[in-house]
Structure formats: C-alpha cells, structure tokens
Amino acid sequence: MNLNALSYSDLTELRNLAERVARDAGTHVRNLREKGVTVAAAKSSPVDIVTLGDQAAEQIIVAELRDWRHSDAILGEEGTNRAGASGITWILDPIDGTTNYFYNQPNYCVSVAACVADTSYSEGYRAVAGAVYVPTSAELFSAAAGLGAALNGKKLRINEAAPLSESLIATGFGYSAKKRARQAEVLLEVLPRVRDIRRSGSAAYDLCALAAGRLDAYYEAGLKVWDYAAAELIAREAGATVTGAAAAGVISSKPGTPLLIAGPAETVKALQPLLPALK
Ligand code: LIP
C-alpha cells in the first residue's frame, strides 16, 4: 500500500477514526488520573515508567481499531504488535509524556497514527493520517496527508521563520544518563543562540505546539516512531519541514536513535550545524 493508493475518503476516514480513538482513550486516562496513578513497570531505566493508564489506553485503542479496521496491523508502545493484510499499520503512543501523567502535569497526550510502509523514513513507516489528543485541555490535533492539519477543526499553520536568536525552540531528553549528558552538551551550544528553550516532556505535544505556532522549532534525538508518527505529520501538514527521523529521503545514520528537527525550512537549516553530536 502506498499513499497514492488512498483516496480522499480513505484519508478522511482514517483521520476521523484516529481522532475518535485518541479522544476516547484520552478521556479514559484523564478519568483514571483523577483517581491516582499506579506504576505498572519500568522499561529502559527506573525512570522510564509505564502506568496502568498507558496500558489501559492502548487496550482501548486496539479494541476500537480491531472493530473498525480488522485487517490493519497495529504497533503500540506498550507491546501491541498485530500483523495485518491491508497495508495500513496503526502506530500508537497511548500516553506520550508518561512522566507528566505520573506527576499530574498537563502536557501528556494520546497519539494515534495510520501509516504505510515507506523505507525513506528511518523507521520504515510514514503516517498518512493521525491524531494527537491532549486530555487536560481537550485539544484534538489531527491531519491527513495533503489535507492540512487542524486543532479542534481549526486549520493550523506554523510561524513564519524568525532569526534563530528570536526563535523559541523545544527539545527533549532521553532516559539514560549517558544520552542526557550528550544532549546537555549540545544544549550548551543551542541555548545562547536562540530566544529560549522549552522542554514539555512530550515529543507529540511539542510537534503539535509547533504546528499551532506556540513554538518556532523543535529537535530531539532518540525518539521512537510512536513518539512522533502522528505529530510529525501534523507539523508537516501545518507547513513545517521535518528532517532526521521522519524526513522522506533522509535516513538516520543510526536507526532507532534518529535525530528529528522540525520547523520552517530556514530555521531547520540554521539549527542543523548546532546538532552534530546528536546524529
Ligand atoms: C517522551 C517523549 C519526549 C522525551 C521524553 C519521553 P514517553 O516519551 O515524548 O519527547 O523527551 O523523555 O521519552 O516516554 O513519555 O512516551
């Protein structure tokens, strides 16, 4: 399956389903949060946690997708890996910003992307439709390839490029101390050259904030495909250039530890020389 085989109605159907399941799962995890959070497990490090909310959200999304799109494949951060026959793979981050969720901070979201196989993308998947739902603000970001991006139905457009010294840049950090040390060294080069830095704790939220003009650019290394699959499409459909992990034709040097940079083309070009250690 490739993007050209999908009609307007195919793309809008996939986007509408992504919106519905992201909102359903997000509403559930917000309700769970109000009752308290239980850590179910830790992954790559003691602070890379999974909560019962992450697991419940993925179960809700998978159940709905199996009802509506039973021949599609599904890949979820919390372990779902279902084969499919349709050529569409749903890539899920049931809660992106899990640490924020654990601490009851607002920037956590549910990310749902409908993807097709595309080897020009470093993880081999290209989103053709997707949704990111922020339960604490009831903000639903969504996009479909070639059909633009929206926030609660209102069209999104990134900011015009500003000089780097006047640009508000977001980034994030990994869970391993060694990776964070390298990311901090790079930040020493970036911080004096930009307006300011923001670190929300969610890649999906950062890319949607870029799409909504709340940031001027974003970069991060070491993301997983489920962190960015839906939100990089939303940013791209809002006018962002996206390189590194998700850029067509730009294969990361180290699959699995890709560097993603997103923003106006000029800003991405100005940022790239500052980020060599993150490749
Ligand atoms: C998060 C990413 C974020 C990164 C965090 C964390 P998670 O994903 O979205 O960009 O900086 O360290 O990895 O673990 O909350 O799904």
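Residues numbered from 1 in each chain as written. Predicted model: local features only at pLDDT ≥ 70, side-chain atom pairs only at ≥ 80, totals over all residues. Heavy atoms only, no water.

Peer 1: Honestly, the sheet that holds strand S15 (residues 259-263) in this entry has me stumped. Any pointers?
Peer 2: Pairing between the strands of a sheet comes from backbone hydrogen bonds, and it takes one of two forms, parallel or antiparallel. Strand order in the open sheet formed by five strands is S12-S11-S13-S15-S14, with mixed pairing between adjacent strands. Two strands close off the open sheet at either side, each with one partner strand: strand S12 (196-198) and strand S14 (241-244). Averaged over neighbouring strand pairs, the angle between their axes works out to 20° when direction is ignored. Bridge count between strand S11 (residues 168-171) and strand S13 (residues 217-221): three bridges; the pairing is parallel. Bridging from a neighbouring strand, Ile169 pairs with Ala217 of S13. Packing against the sheet, helix H4 (residues 177-190) makes contact with S11, S12 and S13, and its axis sits at approximately 155° to S13. (Pairing = 2+ DSSP bridges. Helix = DSSP H or I, 4+ residues; strand = E, 2+ residues; numbered from the N terminus. Axes fitted to C-alpha atoms, helices over the stretch in contact; angles between N-to-C directions. Contact = heavy atoms within 4.5 Å.)

Peer 1: Explanation requested: the nonpolar core in the structure shown.
Peer 2: Note that soluble globular proteins tend to have their nonpolar side chains buried in a common cluster. In this structure, Val132, Phe141, Leu156, Leu207, Ile234 and Leu260 are the most contacted members of the largest nonpolar core, which totals 41 residues. Elements represented by at least two residues in this core include exactly strand S6 (109-117), strand S7 (125-134), strand S8 (139-144), strand S9 (149-151), S11, helix H5 (203-211), helix H6 (225-237) and S15. The element contributing the most residues to this core is H6, with nine residues. Split by domain, the residues of this core number at least three in each of domain 1 (3-155) and domain 2 (164-278). In this structure, Leu6, Val128, Ala131 and Ala144 belong to the second largest nonpolar core, which totals 30 residues. (Core = buried A, V, L, I, M, F, W, Y, C linked by side-chain atoms within 4.5 Å. Buried < 20%, exposed > 50% of the residue type's maximum accessible area, 1.4 Å probe, protein only. Domains from an automatic or database assignment.)

Peer 1: Quick question: what am I supposed to make of the domain arrangement of the chain here?
Peer 2: One widely used convention gives an interface's size as the accessible area the parts lose upon coming together. Taken as a whole, the chain is organised into domain 1 (3-155) and domain 2 (164-278). Each of domain 1 and domain 2 has a C-alpha centre, and the two are 20 Å apart. Across the contact, 43 residues belong to domain 1 and 34 residues belong to domain 2. Roughly 2800 Å² of surface becomes buried between domain 1 and domain 2 when both sides are summed, with 62% attributable to carbon and sulfur atoms. Area buried by domain 1 at its contact with domain 2 is led by Tyr121, Ser122 and Glu123, which between them contribute 21% of it. Scanning the region where domain 1 abuts domain 2 turns up one salt bridge. For Arg214, the salt bridge identified is with Glu139, shortest N-O distance 2.5 Å. (Buried area = accessible area lost by both parts, 1.4 Å probe. Salt bridge = Lys/Arg side-chain N within 4 Å of Asp/Glu carboxyl O.)

Peer 1: Would you mind showing me how to read the pattern of salt bridges here?
Peer 2: Per the counting criterion, the structure on display carries 10 salt bridges. Arg30 is the partner of Glu34 in a salt bridge, and the nearest nitrogen-oxygen pair spans 3.7 Å. With Glu34 and Arg30 both in helix H1 (residues 8-34), this residue pair falls four residues apart, about one helical turn. You can call Glu34 exposed: its relative accessible area is 60%. In this structure, Arg236 and Glu232 form a salt bridge, with 2.8 Å as the shortest nitrogen-oxygen distance. In this pair, Arg236 and Glu232 both sit in helix H6, four residues apart, roughly one turn of the helix. For Arg236, a relative accessible area of 24% puts it in the partly exposed group.

Peer 1: Sorry, what's going on with the site of the ligand here?
Peer 2: Lining the immediate surroundings of the ligand are 17 residues, of which Asp96, Gly97, Phe173, Tyr175 and Glu220 lie closest. In the model, an oxygen atom of the ligand is placed 2.7 Å from a nitrogen or oxygen of the Gly97 main chain. A distance of 2.8 Å separates an oxygen atom of the ligand from a polar atom in the side chain of Arg199. Coverage of the ligand by the protein amounts to 93% of the 380 Å² it exposes when considered alone. Counting residues per element, the ones that place at least two in the shell around the ligand are strand S5 (89-96) and S13. (Near = heavy atom within 4 Å. Polar contact = N/O pair within 3.5 Å; in protein donor to acceptor, adjacent residues only side chain to side chain. Areas by Shrake-Rupley, 256 points an atom, 1.4 Å probe, with all protein chains shown as cover.)

Peer 1: What exactly am I supposed to notice about H4 here?
Peer 2: Residue pairs three or four apart in sequence face the same way in an α-helix, which turns once every 3.6 residues. With 14 residues, H4 extends 20 Å from end C-alpha to end C-alpha; this agrees with the ideal 20 Å at 1.5 Å per step. Against S11, S12, S13 and helix H7 (265-271) lie the buried residues of H4. (Expected span 1.5 Å × (residues − 1).)

Peer 1: Would you mind showing me how to read the packing of H5 against H6 here?
Peer 2: To characterise two packed helices, one gives the angle between the axes of the helices and the distance between these axes. Interaxial distance between H5 and H6 falls to 8 Å at its minimum, and their mutual angle equals 0°. Compared by their axis directions, H5 and H6 come out roughly parallel. For the pair H5 and H6, the contacting residues are Ala203, Ala204, Leu207, Cys208, Leu210 and Ala211 in the first and Asp227, Tyr228, Ala231, Glu232, Ile234 and Ala235 in the second. Along the lines of polarity and charge, the residues of the contact of H5 with H6 split into 10 nonpolar, no polar and two charged. (Parallel < 35°, antiparallel > 145°, perpendicular 65-115°, else oblique. Nonpolar A, V, L, I, M, F, W, Y, C, P; charged D, E, K, R; others polar.)

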